[in-house]
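Read off the chains here:
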Amino acid sequence: MKKKINGFYAIAALLMVTMACQKSTTEPVTLQEAYKDYFYIGAALNTSQYNGTDQRGIPIVEKHFNSITPENDLKWEKIHPQSDVFNFEQADQFVEFGEKNDMFIIGHTLVWHSQTPNWVFEDENGNPLTRDALLARMKDHITTIVTRYKGRINGWDVVNEALNEDGSMRESKWYNIIGPDFVEKAFEYAHAADPDAELYYNDYNLYNAAKADGAVRLVKSIQEKGIHVTGIGMQGHYSINGNPKPEDVEASIIKFGELGVVAVTELDIDVLPPAFEYMGADISMRAELRDELNPYTEGMPDSIKQAQIDSFVDYFNIYLKHSDKINRVTTWGVTDGDSWKNGWPVSGRTNYALLFDREGKEKEVAKELMKLPSKK
Ligand code: GLA
């Protein structure tokens, strides 16, 4: 009898060990592994992550992400601060980091109204440039940078944020001096410099149907002229509690999927109270810091944690459902401490917008996202 019982326990133990082994081999432990059959999992990196100083962030990036975007170092003010000065050091380090880790490398961004020095739009006397002179300057900028990283940077956010919320063209200096065709010219120059690179139009609030329709009109009109646009990048600076509604995000993905590839380029999910009612009309100004706008300095309450998990899961479920159209989902930063959402639209808050905590540990939300594809 005793022998039988021992035999029973031995078989049960063996079964448990086998099940545990199976579990550990089937449940992915990294984000990139979990989504490898669907899309790249990207992160925006700051300089300290590719120049080697951020010893906490680098291992997370290398383990979990297979696509990277530089948060600032390819923006005009950083890489081309004066008309005769190109500053490639950080961008070179960024690209080398991506190559070393065999990542899908994104260049962000070539033409934007923000983080672009005033001299770009002026002649040597400070007068506005003519259309032709600004086009020549834009061409020089794009050609120099895209050629330098030809075959190494795999995709470019060529033009960033050219649209208003109603889908009309934003009256930026690019638009006012060159006219609406500044967008197609940027794509033309980028394609000429690297014909194999993926080229995206990138913007925020593209879940807003009017703005999404504007993006469709813009990209379609360029493609109809035979100029290459790979697709549309949806930034994705979202907030908990269904802001935006997942079905609005989905509707835009479906529209954009008809024109080409969709990329989720800058995902983060803000957990703090909205601050816009405390702000003036100029949203480039930050709202004043007050306690009620910064309630979680000691950590997120469980209800907020859960609300953020639910939001990330809702959006990722949509991304998985439309993974035939989507080639990357990139979070805008690595750890909560890195996120721009600690400083905008109110400086000095403690936000928790990303998938890794301030110590570099995987948040519960990251674990949930890793399980999601296997539930499909
Ligand atoms: C926009 C830009 C990004 C970044 C974020 C805020 O979304 O595309 O480069 O500046 O704003 O950090």
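Residues numbered from 1 in each chain as written. Predicted model: local features only at pLDDT ≥ 70, side-chain atom pairs only at ≥ 80, totals over all residues. Heavy atoms only, no water.

### Comments concerning the site of the ligand
And step 1. Around the ligand, the surrounding shell consists of Lys75, His108, Trp112, Gln115, Asn160, Glu161, Gln235, His237, Glu266, Trp332 and Trp340.
And step 2. Residue Gln235 places a side-chain N or O atom 2.7 Å away from an oxygen atom belonging to the ligand.
And step 3. One nitrogen or oxygen atom from the side chain of Glu266 is found 2.4 Å from an oxygen atom belonging to the ligand.
And step 4. Classifying every residue of the shell around the ligand by side-chain character gives three nonpolar, five polar and three charged. (Near = heavy atom within 4 Å. Polar contact = N/O pair within 3.5 Å; in protein donor to acceptor, adjacent residues only side chain to side chain. Nonpolar A, V, L, I, M, F, W, Y, C, P; charged D, E, K, R; others polar.)

### Things to note about helix H4 (residues 57-64)
And step 1. Buried within H4 are the following residues: Gly57, Ile58, Ile60, Val61 and His64. All buried residues of H4 project into a common sector of 165° when viewed along the axis, lining one side. (Buried < 20%, exposed > 50% of the residue type's maximum accessible area, 1.4 Å probe, protein only. Helix = DSSP H or I, 4+ residues; strand = E, 2+ residues; numbered from the N terminus. Arc of directions from axis to C-beta.)

### Quick look at the pairing of strand E2 (residues 67-70)
And step 1. Because side chains alternate across E2, one face comprises the buried residues Ser67 and Thr69, and the other comprises Ile68 and Pro70, equally buried.
And step 2. Note: strand E1 (residues 40-45) against E2, four bridges, orientation parallel. Across the sheet, residue Ala44 finds its bridge partner in E2, namely Thr69.
And step 3. Pairing of E2 with strand E3 (residues 104-111), which is carried by two bridges, proceeds in the parallel orientation. Across the sheet, Ile68 pairs through a bridge with Ile105, a residue of E3. (Pairing = 2+ DSSP bridges.)

### Side note on the pattern of salt bridges
And step 1. One pass over the structure, following the stated rule, counts 21 salt bridges.
And step 2. Note that Glu33 and Lys36 form a salt bridge whose closest N and O atoms lie 3.6 Å from each other.
And step 3. For Lys36, a relative accessible area of 53% corresponds to the exposed category.
And step 4. Across the salt bridge formed by Arg152 and Glu99, the nearest N and O atoms sit 2.9 Å from each other. You can see Arg152 sitting in the loop between helix H7 (131-148) and strand E4 (155-160) and its partner Glu99 sitting in helix H6 (residues 89-100), a full 53 residues away along the chain.
And step 5. By relative accessible area, Arg152 is classed as partly exposed at 27%.
And step 6. Residue Glu99 is classed as partly exposed on the basis of its relative accessible area, which comes to 38%.
And step 7. One continuous salt-bridge network, built from bridges that share partners, spans Glu165, Asp203 and Lys211. (Salt bridge = Lys/Arg side-chain N within 4 Å of Asp/Glu carboxyl O.)

### Observations concerning the confidence of the model for the chain
Regions with low pLDDT should not have their predicted coordinates read in detail.
And step 1. Looking at the chain, pLDDT values average 93 and 91% of them are 70 or higher.
And step 2. By mean pLDDT, helix H1 (residues 2-26) is the weakest element of the chain at 50, and E2 is the strongest at 99.
And step 3. Between residues 1-5, whose pLDDT stays under 50, and residues either more than four places distant or in other chains, the model counts zero contacts. (pLDDT = per-residue confidence, 0-100. Contact = heavy atoms within 4.5 Å.)

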